[in-house]
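Here are the chains, one letter per residue:
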Amino acid sequence: THSTRPQRLLSAVQKNATRGDPSSVVKAIDQFCRQKEWAMNVGDEKGCILDLVVSEVNPTFVLELGTYCGYSTVRIARLLPPHAKVITLEFNPDFAAIAHQVIAWAGLEDKVHLIVGASGDWIPKMKEQFGLNSFDLVFLDHWKDRYLPDTKLMEECGLLRQGSILLADNVICPGAPDYLDYVRRSSQYESQYFKSHLEYTKVEDGLEKSIFLG
Ligand SMILES: O=C(NCCCCCn1ccnc1)c1cc(-c2ccc(F)cc2)cc(O)c1O
Ligand SMILES: [Mg+2]
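As the structure is a computational prediction, the values presented were derived from the model and not from experiment.

Student: Hey, could you go over the overall build of the chain for me, with residue numbers and the actual values?
Tutor: Along the backbone of the chain there are 10 helices and 7 strands. Radius of gyration (C-alpha) of the chain: 16 Å, near the 17 Å computed for a compact globule of 214 residues. Within the chain, the fraction of its 214 residues that count as buried is 53%. Residue pairs in contact within the chain that sit at least 24 positions apart in sequence constitute 73% of those at least 6 positions apart. When the accessible surface of the chain is split by element, carbon and sulfur atoms take 52% of a total near 9800 Å². Each charge class in the chain was averaged separately, 23 positive and 28 negative side chains, and the resulting centres sit 5 Å apart.

Student: Quick one: what's the story with the packing of aromatic side chains, residue by residue and with numbers?
Tutor: One pass over the full model with this rule turns up 5 aromatic pairs. An aromatic cluster of at least three residues, connected via ring pairs, comprises Y182, Y189 and F212. A cation over an aromatic ring shows up here: K125 above the ring of W122, its NZ or CZ 4.3 Å from the ring centre.

Student: Go over the pattern of salt bridges, please, and point to the residues and values.
Tutor: Pairing between side chains of opposite charge can happen when their charged atoms approach one another. Scanning the model with the defined rule gives 14 salt bridges in all. One salt bridge in this structure joins E37 and R8, with 2.5 Å as the shortest N-O distance. Here the residue E37 occupies a position in the loop between α2 (22-35) and α3 (43-57), and R8 occupies one in helix α1 (residues 5-16), the gap between them amounting to 29 residues. What makes E37 buried here is its relative accessible area of 17%. D150 is paired through a salt bridge with R146; the nearest N and O atoms lie 2.6 Å apart.

Student: With reference to specific residues and values, describe the packing of α1 against α2.
Tutor: Running from amino to carboxyl end, α1 crosses α2 at an angle of 130 degrees, the nearest separation of the two axes being 9 Å. As judged from the angle between their axes, α1 and α2 are oblique. α1 and α2 meet at a crossing whose hand is right-handed. Here R8, L9, A12, V13 and N16 of α1 lie close against α2, whose contacting residues are V25, A28, I29, F32 and C33. Its residues assigned to classes, the contact of α1 with α2 shows 8 nonpolar, 1 polar and 1 charged.

Student: Outline α3, listing residues and values.
Tutor: In this model α3 runs 20 Å from its N-terminal to its C-terminal C-alpha over 15 residues, within 8% of the 21 Å that 1.5 Å per residue would give. If you check which residues of α3 are buried, you get G43, K46, G47, I49, L50, D51, V53 and V54. As for α3, its buried residues are in contact with α2, α4 (71-77), β4 (135-140), β5 (160-168), β6 (189-197) and β7 (204-212). N58 lies just past α3 and shows a positive phi near 45 degrees.

Student: Got a sec to walk through the pairing of β5? Specific residues and values, please.
Tutor: The pairing of β4 with β5 spans 5 bridges and is parallel. The residue bridging L137 from the neighbouring strand is I165, located in β5. Handedness of the crossover joining β4 and β5 through helix α8 (residues 147-156) is recorded here as right-handed. Alignment of β5 against β7, held across 4 bridges, turns out to be antiparallel. By the bridge assignment, I165 is partnered in β7 with I211.

Student: Can you tell me about the site of ligand 1, naming the residues and giving the values?
Tutor: For ligand 1, the set of nearby residues contains 16 residues, the closest of which are D141, K144, D169, N170 and E199. One of the side-chain N or O atoms of K144 is found 2.9 Å from an oxygen atom in ligand 1. Between an oxygen atom of ligand 1 and a side-chain N or O atom of E199, the distance comes to 2.5 Å. Expressed as a share of its isolated accessible area of 630 Å², the protein-covered part of ligand 1 is 77%. Elements supplying a minimum of two residues to the shell around ligand 1: β2 (85-90) and α9 (171-175). The residue inventory of the shell around ligand 1, partitioned by class, reads 8 nonpolar, 3 polar and 5 charged.

Thresholds applied
- By convention here, each chain's residues receive numbers from 1 onward along its written sequence.
- Labels follow written order: the first chain is A, the first ligand is 1, and so on.
- In view of the model being predicted, local features appear only for residues whose pLDDT reaches at least 70, and side-chain atom pairs are presented and counted only at 80 or more, with totals across whole chains, interfaces and linings using the full set of residues.
- Only hydrogens and water are set aside; all other atoms, that is, all heavy atoms of the structure, feed into the side-chain values.
- Starting at the N terminus, helices and strands are each numbered in turn, a helix being any DSSP run of H or I of at least four residues and a strand any DSSP run of E of at least two.
- With C-alpha atoms as the basis for the radius of gyration, the globule rule is written as 2.2 Å multiplied by the number of residues raised to the power 0.38.
- In this scheme, a residue with accessible area under 20% of its type's maximum is buried, one over 50% is exposed, and one in between is partly exposed, where area comes from a 1.4 Å probe on protein chains only.
- Whether two residues touch is decided by their heavy atoms; if any such pair falls within 4.5 Å, the residues are in contact.
- Shrake-Rupley sampling with a 1.4 Å probe provides the accessible areas, and residues are treated as covered by the protein chains on show and by no other component.
- For the purpose of counting charges, residues Lys and Arg are taken to be positive, whereas Asp and Glu are taken to be negative. His and the chain ends are not included.
- All charge positions are set by atom: Lys at NZ, Arg at CZ, Asp at CG, Glu at CD.
- Pairing of aromatic side chains here covers Phe, Tyr and the six-membered ring of Trp, requires ring centres within 6.5 Å, and sorts the geometry by plane angle: under 30 degrees stacked, over 60 edge-to-face, intermediate tilted.
- For a Lys NZ or an Arg CZ to count as sitting over a ring, it must be within 6 Å of the ring centre and within 35 degrees of the ring normal.
- What makes a salt bridge here is a side-chain nitrogen of Lys or Arg within 4 Å of a carboxyl oxygen of Asp or Glu, nothing more.
- Angles run from 0 to 180 degrees between N-to-C directions of axes, and those axes are lines fitted to C-alpha atoms, restricted for helices to the stretch in contact.
- Each angle is binned into one of four classes, with values under 35 degrees roughly parallel, values over 145 roughly antiparallel, values of 65 to 115 roughly perpendicular, and all other values oblique.
- Two helices that cross are described as forming a left-handed crossing if the nearer one is turned anticlockwise from the farther one by less than a right angle, and a right-handed crossing if clockwise.
- Each residue gets one of three labels, nonpolar for Ala, Val, Leu, Ile, Met, Phe, Trp, Tyr, Cys and Pro, charged for Asp, Glu, Lys and Arg, and polar for the others, Gly among them.
- The span one expects for a helix is its residue count, reduced by one, times 1.5 Å.
- Between any two strands, pairing holds if DSSP finds at least two bridges.
- The definition of a right-handed crossover adopted here requires that, viewed with the strands pointing away, the path from the first strand over the helix to the second runs clockwise.
- Being near a molecule or strand, for a residue, comes down to having at least one heavy atom within 4 Å of it.
- Here a polar contact means two N or O atoms within 3.5 Å. Within protein one must be a hydrogen donor candidate and the other an acceptor candidate, and residues neighboring in sequence count only if both atoms are side-chain atoms.

Below is the structure:
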């Protein structure tokens, strides 16, 4: 009867965070990952950059690819205006089950729609499923070799409008070289690198912010 790391992370949230207080959930996860067990959340350092971008964009519709335990979902949703939504996609049902409970503990269920499935299957269904035209912000944090194909798929499905922002985690570590090359070369994007570190470590990593120019 061994627990998993996501289960232990959820227990730390339920023990140390206050129900309905998203910032205490963020703090509890960061504390757990620094003091107990590393986990692949975007973390506090890159999380502050994510906060800045979310606040600047002030999005109505956010797409997050890669929920994991819901840490960045909570970081994003806690900053959204009323009626704004985060649609977050997780492939792994065990991760999704933990994320659902972390998001609920933060009291952010009303702002979050968690889908369990493959991005390649769901991106083409987003418009009909959620009655939206485009995403104001996309946070890419799933399989690193899916960043580029899913970005091209979002373009083809008309899910990006002039000014839509893509923010990609881990462009250095583990790395998404083909994606980075694409958004930096393409005349359809204006790209900017935010140098940081791999969550809870001194290893270099960063976020790439790319504005779709349409
Ligand atoms: O692989 C990562 N994320 C995707 C997880 C699975 C996504 C499943 N999914 C969801 C939707 N569609 C598919 C990831 C890895 C690392 C890392 C860095 C260094 C190291 F030594 C080990 C690991 C750091 C991150 O910040 C990450 O995000
Ligand atoms: Mg990541």
